[in-house]
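Fold and geometry: a report
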Amino acid sequence: MKAICIVFGGGGHARVIIDSLQASEAAEIYAVLDSDSSLHGRNIFGVPIWGYDILPELTERGVNHFVVGVGSVGSGNQRVRLFELGLSYNLTPLGVRHPSAICSRWAEVGPGAQLLPGSIVNAGAQLGANVIVNSGAVVEHDCLIGAHAHVATGAKLSGGVYVGSGAHIGAGATVRQSIKIGDGAIVGAGAVVVKDVPPGMVVIGVPAEPLKTVDEGRDQDDSEGTEVEPSDDSRTGD
């Protein structure tokens, strides 16, 4: 059966996803869905943008796959919600692999995982569902990446690194071999991680040191009246 997919989210990350799908010819992209009504009626590289209200009709139109087109700048909760939304409509998560991405035949890649331009996934690595290996990122041999985690642009994971579910490895970060990054942890951009990171901890710097917990950051955001989770059209999730 031919893959006919929709993309959740119409921001910057979705543009990279659409470009990758078009370059690989992996699927027909039916539409982008986004909650921002100001985007409705526009298009991304020829793909129309509609609202989520049309989602119940799409299976009748032959749509059978979905892609989460939202990145993350920390918490990946929005990506989890959109992934579960697609599953709830009996759609199949579509993996994305740009033609310039390198993935060993001995690596295991979960459903809906995204290997973006110039990324490398080496032998023995295991990627969970809905994982992002962003542009130029390297996942070395025997790494284990939990579901919904994001290895951001240019990050490098040495051999045997464990990254927990929903964790975020920031742009340009480096993680030493055999390090364990706990569930939901955040490694800041450019950090060099030389010791294990507990679940839900934010670490920054060279070498990386704890800054706060994710929950502390969420409490601070709430007290300042700012939005904790990015919207589905976030343009800062790369």
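Please refer to the structure placed before this passage.
Now for a look at the structure at hand.

Calculation notes
- Residues numbered from 1 in each chain as written.
- Predicted model: local features only at pLDDT ≥ 70, side-chain atom pairs only at ≥ 80, totals over all residues.
- Heavy atoms only, no water.
- Helix = DSSP H or I, 4+ residues; strand = E, 2+ residues; numbered from the N terminus.
- Buried < 20%, exposed > 50% of the residue type's maximum accessible area, 1.4 Å probe, protein only.
- Pairing = 2+ DSSP bridges.
- Phe/Tyr/Trp six-rings, centres within 6.5 Å; stacked < 30°, edge-to-face > 60°.
- Core = buried A, V, L, I, M, F, W, Y, C linked by side-chain atoms within 4.5 Å.
- Contact = heavy atoms within 4.5 Å.
- Expected span 1.5 Å × (residues − 1).
- Polar contact = N/O pair within 3.5 Å; in protein donor to acceptor, adjacent residues only side chain to side chain.

Turning our eyes to something else, we now look at the overall build of the chain. Assigned secondary structure in the chain consists of 4 helices and 25 strands. The 238 residues of the chain split such that 51% are buried.

On the basis of which strands lie adjacent, the open sheet formed by 6 strands has the order β8-β11-β14-β17-β20-β23 and parallel pairing. The open sheet has two edge strands, β8 (102-103) and β23 (192-193), and neither has a second partner. Across 2 bridges, strand β17 (residues 156-157) lies against strand β20 (residues 174-175) in parallel orientation. Paired with K156 across the two strands is T174, which belongs to β20.

Counted under the stated rule, the structure contains 4 aromatic pairs. Consider the rings of F8 and Y52, whose centres lie 5.8 Å apart with planes at 40 degrees: the pair is tilted. Linking F8 in strand β1 (residues 4-8) with Y52 in the loop between β4 (47-50) and α2 (55-58), this pair joins segments that are 44 residues apart in sequence. Classification of F8 as buried rests on a relative accessible area of 0%. Among the aromatic side chains, those forming a connected cluster through ring pairs are F8, Y52, F66 and F83.

Once that is clear, we can look at the nonpolar core. One finds V139, L157 and I181 to be the most contacted residues of the largest nonpolar core, which totals 34 residues. In this structure, L157 is in contact with V138, V139, E140, C143, I145, V151, V163, I169 and V175, ignoring residues within four places of it in sequence. V7, I17, L21 and V96 belong to the second largest nonpolar core, which has 19 residues in total.

Our next topic: the sheet that holds strand β9 (residues 108-109). Read across the open sheet, the 5 strands follow the order β9-β12-β15-β18-β21; overall the sheet is parallel. In this open sheet, the two edge strands, each paired with only one partner strand, are β9 and β21 (180-181). Pairing of strand β15 (residues 144-145) with strand β18 (residues 162-163), which is carried by 2 bridges, proceeds in the parallel orientation. Its bridge partner being in β18, I145 is matched across the sheet by V163.

Time to look at helix α1 (residues 12-24). Between its first and last C-alpha atoms α1 spans 19 Å; for 13 residues at 1.5 Å apiece the expected length is 18 Å, and the two agree. Positive backbone phi, at 55 degrees, marks E25, one or two positions downstream of α1.

Attention now goes to the side chain of H150. Positionally, H150 belongs in strand β16 (residues 150-151). Within polar-contact distance, the side chain of H150 engages the side chain of N134 at 3.0 Å.

A few words now on the environment of I181. Assignment of secondary structure puts I181 in strand β21. In the structure, I181 is positioned 12 residues away from I169 in sequence and 9.0 Å away in space, judged by C-alpha atoms. Aside from chain neighbours lying at most four places away, what touches I181 is Y162, V163, G164, A167, I169, V175, V187, V193 and V197.

Turning our attention to the pairing of β1. By the criterion of burial, β1 is predominantly enclosed, with 5 of the 5 residues buried. By the alternation rule, side chains of β1 split into I4, I6 and F8 and C5 and V7, which are all buried. Pairing geometry for β1 and strand β2 (residues 28-33), over 5 bridges, is parallel. Paired with V7 across the bridge in β2 is V32. In this sheet, strand β5 (residues 65-68) lies alongside β1 in parallel orientation, the contact comprising 4 bridges. Across the sheet, the residue bridging to I6 is F66, located in β5.

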